[in-house]
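Tertiary structure, described
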Amino acid sequence: MRAALLCALLGVADGLRTSIAGHPVRRVDDAATGLFVYALGAGTGLPSLAAARAGAKVLATDRDATSLAYAAAAADDQGLALATAVFDVADFAAPLPPADVVVVADVFVTDAVAAACGRRVGEALRRGSTCVVADARRSTRDAFLAALRAEGFSGAFGASEDPPLLLLDGE
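Residues numbered from 1 in each chain as written. Predicted model: local features only at pLDDT ≥ 70, side-chain atom pairs only at ≥ 80, totals over all residues. Heavy atoms only, no water.

1. A look at the pattern of salt bridges
- This structure, assessed with the given rule, holds 5 salt bridges.
- The partner of Arg 120 in a salt bridge is Glu 123, and the shortest N-O contact between them spans 3.0 Å. With Arg 120 and Glu 123 both in helix H5 (residues 111–126), this residue pair falls 3 residues apart, about one helical turn.
- Residue classification places Arg 120 among the buried positions, given a relative accessible area of 1%.
- Between Glu 151 and Arg 126 there is a salt bridge, and its shortest N-O distance comes to 2.8 Å. (Salt bridge = Lys/Arg side-chain N within 4 Å of Asp/Glu carboxyl O. Helix = DSSP H or I, 4+ residues; strand = E, 2+ residues; numbered from the N terminus. Buried < 20%, exposed > 50% of the residue type's maximum accessible area, 1.4 Å probe, protein only.)

The structure is reproduced here in structure tokens:
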């Protein structure tokens, strides 16, 4: 699968690929067809591009429209379908859309954002989503984990992955 090249570039892309491929009735050559992937804090979109290349329907969101423009341009250059939307993770008036897989990759820039991500991951897990969370070993990780526990879920980042990954399956 050509997405393997993207997976080598960033650990979360590989975690995303593994998570998508692990869903039932997915063929290796068509791993993500039919899945909806929602990327929260997508930035310039590497995990979103990997999911789109694997055949998923992807919505990449970020609070920064410029980053999303780069992600959209990269998708266009590669002939990939990628939807983008400005979304603030901390604006709880706007719910997350239902998704098969929710990706949160290197978003914990402040304690407040990390905590908001923890709440959003809890929201997604209650809906039955698989969540793939990658962290660049920021000190804000504890705020994410505390918020996740407050939502009724627990998890631990793997020590051997780089970046460390947390894979959670919804109820």
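2. A short note on the nonpolar core
- In terms of nonpolar packing, the biggest core is built from 29 residues, with Tyr 38, Val 104, Val 121 and Phe 144 touching the most fellow members.
- Secondary-structure elements contributing two or more residues to this core are strand E1 (36–40), strand E4 (101–105), H5, strand E5 (130–134), helix H6 (141–150) and strand E6 (165–169).
- Here the element with the most residues in this core is H5; it accounts for 7 residues.
- Ignoring any residue separated from it by four or fewer positions in sequence, one finds Phe 144 in contact with Phe 108, Ala 114, Ala 115, Cys 117, Gly 118, Val 121, Val 133, Phe 157 and Leu 166. (Core = buried A, V, L, I, M, F, W, Y, C linked by side-chain atoms within 4.5 Å. Contact = heavy atoms within 4.5 Å.)

3. Let's talk about the environment of Ala 94
- Checked against the element boundaries, Ala 94 lands in the loop between strand E3 (83–86) and E4.
- Ignoring anything within four residues of it in the chain, the contact list for Ala 94 reads Phe 87 and Arg 120.

4. Quick notes on the side chain of Thr 140
- Inspection of the secondary structure puts Thr 140 in the loop between E5 and H6.
- Among the polar contacts listed, one links the side chain of Thr 140 to the backbone oxygen of Phe 108, at a separation of 2.5 Å.
- Among residues more than four places away in sequence, those in contact with Thr 140 are Phe 108, Val 109, Thr 110, Asp 111 and Ala 114. (Polar contact = N/O pair within 3.5 Å; in protein donor to acceptor, adjacent residues only side chain to side chain.)

5. As for the confidence of the model for the protein chain
- When pLDDT is averaged along the protein chain, the result is 81, and 75% of the positions lie at 70 or above.
- The secondary-structure element of the protein chain with the lowest mean pLDDT is helix H1 (residues 3–9), recorded at 33, while E3 shows the highest, at 97.
- In the predicted structure, residues 1–10 sits below a pLDDT of 50 and forms 18 contacts with residues beyond four places in sequence or in another chain.
- Predicted confidence is poor over residues 23–30, with pLDDT under 50, and the contacts of this stretch with residues over four places away or in other chains come to 13 contacts. (pLDDT = per-residue confidence, 0-100.)

6. Structural notes on unusual backbone geometry
- Of note, Asp 106 is a non-glycine position whose phi angle comes to about 55°, a positive value.
- Mapped onto the elements, Asp 106 comes out in the loop between E4 and H5.

7. Digging into the pairing of strand E2 (residues 57–62)
- Buried residues dominate E2, accounting for 5 of its 6 residues.
- Sheet analysis places E1 next to E2, joined by 5 bridges and oriented parallel. Bridge pairing in E2 links Leu 40 to Thr 61.
- Regarding topology, helix H3 (residues 46–53) serves as the crossover connection from E1 to the parallel E2, and that connection is right-handed.
- With 4 bridges connecting them, E2 and E3 associate as parallel partners. For Thr 61, the partnering residue across the bridge sits in E3 and is Ala 85.
- This β-α-β element, E2 to helix H4 (residues 65–77) to E3, shows right-handed connectivity. (Pairing = 2+ DSSP bridges. Right-handed = clockwise from strand over helix to strand, strands pointing away.)

8. Notes on the pairing of E4
- In terms of residue burial, E4 counts as a mostly covered element, since 5 of its 5 residues are buried.
- Side chains Val 101, Val 103 and Ala 105 project from E4 onto one buried face, and the interleaved Val 102 and Val 104 project onto a second face that is buried too.
- Of the pairings in the sheet, the one linking E1 to E4 comprises 4 bridges and is parallel in character. From the neighbouring strand, Tyr 38 faces E4, where its bridge partner is Val 102.
- Note that E4 and E5 share 5 bridges and pair parallel. Directly across from Ala 105, in E5, lies its bridge partner Ala 134.
- Crossover handedness for the path E4 to H5 to E5: right-handed.

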